[in-house]
Amino acid sequence: MIALGVTFAGLNEKEDMSLLSSSVMRKFAMALSGLFLVVFLAQHFVINITSVIAPDVFNQWSHFMGTNGLVQGILQPILIFGVVFHFIMGFVLEIQNRRARVMRYVQYKGGASASWASRNMIISGAVVLAFLGLHFYDFWWPEIMHKYIETHPEDPTRYYAETVHKFENPVRVGLYATAFVLLALHLWHGFASSFQSVGFDNKYAKGLKGFTKFFAVFIPLGFLFIALYHHLNPIAH
Ligand code: HEM
């Protein structure tokens, strides 16, 4: 990350400030998209945990999410845009940071004292993105096939069994588990840092940071629990 207040010798003050402000704006946009994805993750977890505690509720909510016009026509495209935006901006910031390092900025936040999670956001992000590819293939694509290509009649009771069947395969469970660990590391640094990037700095900042760390561990662990639970409690076809 570029440290504020650092000037590169080759730039005049005006150029330096505009470089800095565009970097701050990108970080701001990155943080907002990240916060939006965190909200999605929380609601996704709440719906998915019902597959363990109340399968009928899981079926009802999944059917609602999969058929409601507002969710499908507006929220889903916004979500896809949010994921793509976050991914592209992540790469842009990474390239920018690498350039800054090459140009030998005197101060650089990613030094030896920074945590593994903060130095490797691009790696953890890429693993989560790869997971999303697999996850879309597992859940989103069959849904599209079912609804729009094979045009089966609506069946509000099918979601629970379809989800549990997915976790029969131990290789899939292993890949999901790996991705959840990397998701935890990504959130560990990213969620807390997003509040800094949007300038949230008041008496609640410390408590909020504690909450972000809790969320970063609890939610991926919760997803892991769901995957393992269904793997260990299969249902007949
Ligand atoms: C055990 C863990 C998980 C389960 C059981 C699960 C289950 C599902 C299911 C059933 C769908 C299909 C929704 C539809 O009908 O279109 C879905 C979609 C999706 N999931 Fe997951 N999910 C899990 C973890 C995750 C994680 C960790 C992420 C993000 C890092 C994620 C991101 C998504 C996204 C972006 C979609 C597409 C949303 C949409 O179609 O609107 N999921 N998931």
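Residue numbering note: each chain is counted from 1, following its sequence as written. Side-chain atom pairs in this predicted model are given and counted only at pLDDT of 80 or more, local residue features only at pLDDT of at least 70, and totals for whole chains, interfaces and linings cover all residues.

Asker: Teacher, can you tell me more about the nonpolar core here?
Answerer: Nonpolar side chains tend to gather and get buried jointly when the protein is soluble and globular. Here, a nonpolar core means buried Ala, Val, Leu, Ile, Met, Phe, Trp, Tyr and Cys residues linked by C-beta atoms lying within 7 Å of one another. Residues are called buried when their C-beta atom has 20 or more other C-beta atoms within 10 Å, exposed when it has 12 or fewer, and partly exposed otherwise; all C-beta atoms are positioned from the backbone. Formed by 19 residues in total, the largest nonpolar core has its most connected members in Ala179, Phe180, Leu183, Ala184, Leu187 and Trp188. A run of H or I in DSSP becomes a helix once it reaches four residues, and a run of E becomes a strand once it reaches two; helices and strands are each numbered from the N terminus. Contributions of two or more residues to this core are made by helix H7 (170-197) and helix H8 (205-232). For this core, the leading source of residues is H7, giving 11 residues. The contact criterion used is a C-beta to C-beta distance within 7 Å, with each C-beta placed from the backbone. Apart from the residues lying within four places of it in its own chain, the contact partners of Ala179 are Val127, Val128 and Phe131.

Asker: I'm lost on the site of the ligand in this one. Help?
Answerer: Taken together, 17 residues lie around the ligand, and Phe139, Glu143, Phe223, Ile226 and Ala227 are the ones closest in. Counting only elements with at least two residues in the shell around the ligand, the list comes to helix H1 (13-53), helix H3 (69-102), helix H5 (121-149) and H8. Per element, the largest residue contribution to the shell around the ligand is six residues, and it comes from H5. Each residue gets a C-beta atom placed from its backbone. If that atom is within 6 Å of a molecule or strand, the residue is near it.

Asker: What is the right way to look at the environment of Ser124 in this model?
Answerer: Along the polypeptide, Ser124 turns up in helix H5. As a C-alpha pair, Ser124 and His186 span 62 residues in sequence and 5.6 Å in three-dimensional space. Those residues in contact with Ser124 that lie beyond four places of it in its chain are Ala117, Leu182, Leu185 and His186.

Asker: In this structure, what is going on with the packing of H5 against H7? I would like to understand it.
Answerer: The axes of two packed helices give the description: the angle between them and the distance between them. One can describe the packing of H5 onto H7 by two numbers: an axis separation of 8 Å at closest approach and a directional angle of 140°. It follows that H5 is oblique to H7 by the angle criterion. Crossing of H5 over H7 shows left-handed handedness. Residues Met121, Ser124, Gly125, Val127, Val128, Phe131 and Leu134 of H5 lie in contact with H7, whose contacting residues are Leu175, Ala179, Leu182, Leu183, Leu185, His186, His189 and Gly190. Partitioning the contact of H5 with H7 into residue classes produces 10 nonpolar, five polar and no charged. Lines fitted to C-alpha atoms define the axes, with helix axes restricted to the stretch in contact, and inter-axis angles between N-to-C directions lie between 0 and 180 degrees. When describing relative orientation, an angle under 35 degrees is termed roughly parallel and one over 145 degrees roughly antiparallel, while 65 to 115 degrees is termed roughly perpendicular and anything else oblique. Left-handed describes a crossing whose near helix is turned anticlockwise from the far helix by less than a right angle; the clockwise case is right-handed. Under the scheme applied, nonpolar residues are Ala, Val, Leu, Ile, Met, Phe, Trp, Tyr, Cys and Pro; charged residues are Asp, Glu, Lys and Arg; polar residues are all the others, including Gly.

Asker: Just checking my understanding: could you explain unusual backbone geometry for this structure?
Answerer: Among all residues save glycine, negative phi is the norm, and among peptide bonds the norm is trans. With a phi close to 40°, Thr151 is a non-glycine residue in the positive phi region. Inspection of the secondary structure assignment puts Thr151 in the loop between H5 and helix H6 (159-166).

Asker: Looking at this model, I keep getting lost on helix H2 (residues 55-67). Mind explaining?
Answerer: The periodicity of an α-helix, 3.6 residues per turn, causes residues three or four places apart in sequence to face the same way. One fewer than the residue count of a helix, multiplied by 1.5 Å, yields its expected span. Given a rise of 1.5 Å per residue, 13 residues ought to cover 18 Å, and the 18 Å separating the end C-alpha atoms of H2 matches this to within 8%. Within H2, the full set of buried residues consists of Phe58, Asn59 and Ser62. An end-on view of H2 places all buried positions within 100° of arc, on one side of the element. Structural note: H2 exposes Asp56, Phe64 and Thr67 on the side pointing more than 90 degrees away from its buried face. What the arc measures is the spread of directions leading from the helix axis to the C-beta atoms.

Everything listed here is a matter of geometry and, on its own, says nothing about what the molecule does.
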